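In case you want the letters, here they are:
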Amino acid sequence: MDGTVLDLHFDNAFWLEALPRRWGEARGLDLPAAFAELKPRFDAKRGTLDWYCIDHWSEELGIDIAALKREMRDEIRYLPGAVEFLDGLRALGKRVLLTTNAHPISLAIKQGQTGLERHFDELVSSHEFGVPKESPEFWARLALGHGVRPGSTVFVDDSVAVLQAAQAAGVRWIYQVLQPDSTRPAHGQVTGFTGIQSLGALAP
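Calculation notes
- Residues numbered from 1 in each chain as written.
- Predicted model: local features only at pLDDT ≥ 70, side-chain atom pairs only at ≥ 80, totals over all residues.
- Heavy atoms only, no water.
- Helix = DSSP H or I, 4+ residues; strand = E, 2+ residues; numbered from the N terminus.
- Rg over C-alpha atoms; globule rule 2.2 N^0.38 Å.
- Buried < 20%, exposed > 50% of the residue type's maximum accessible area, 1.4 Å probe, protein only.
- Contact = heavy atoms within 4.5 Å.
- Areas by Shrake-Rupley, 256 points an atom, 1.4 Å probe, with all protein chains shown as cover.
- Lys, Arg positive; Asp, Glu negative; His and termini not counted.
- Charge placed at Lys NZ, Arg CZ, Asp CG, Glu CD.
- Pairing = 2+ DSSP bridges.

If you tally the helices and strands in the protein chain, you get eight helices and five strands. The order of helices and strands in the protein chain, counted from the N terminus, is α-α-α-α-α-β-α-β-α-β-α-β-β. Its C-alpha radius of gyration of 17 Å places the protein chain within 12% of the 17 Å reference for a compact globule of 204 residues. The principal-axis extents of the C-alpha atoms in the protein chain amount to approximately 55 × 35 × 30 Å. Buried residues in the protein chain amount to 46% of all 204 residues. Contacts spanning at least 24 positions in sequence make up 58% of the contacts within the protein chain whose residues lie at least 6 apart. Just so you have it, the protein chain exposes about 9900 Å², and 51% of that area is on carbon and sulfur atoms. Of the side-chain charges in the protein chain, 21 are positive and 27 negative, and the distance between the mean point of each set is 3 Å.

What follows concerns the pairing of strand β1 (residues 97-100). Here β1 pairs with strand β2 (residues 122-125) via four bridges, running parallel. Bridging across to β2, L97 finds its partner in E122.

In structure tokens form, the structure reads like this:
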């Protein structure tokens, strides 16, 4: 979802600026000092379900994460070309699933702001399975619980770790989004994956 369908700018602004600033203000720290203290905590959870969990970070940092996200919700937007791509798939009668590591509360906030549900047959949060998309178990449970057949699936994501997990699960067609944040330069393409600037490059 984030960095593939929706602009990762929102999440980067939230985790790298808004949250550290709010947390630092309560402790008399400026943004650089606050982020320097928070970064090791973030890094320790990266790639785990806790990293994506609103409840975890609200308790850990003493901040209402959901409320802060709602304050910033006007910054949530689609990446260029995403809606056209999704509408094209729907017009072809393809089954379209959104799989995301976002906590259900985060997903609800973004859905309320963008109307994501209009473009997908299902919205699936990894929190439903108790493991993130980086885990092989996620793909096994997605197949079992939602009838996803890796060998006939097209998967698009910006996270290399998630793409590698999809590849290991036997997903047939995999694409790496190279510019998940529209305000930042594109990433380099990772060997073994087909890189695209955005979903618009795959528009049917």
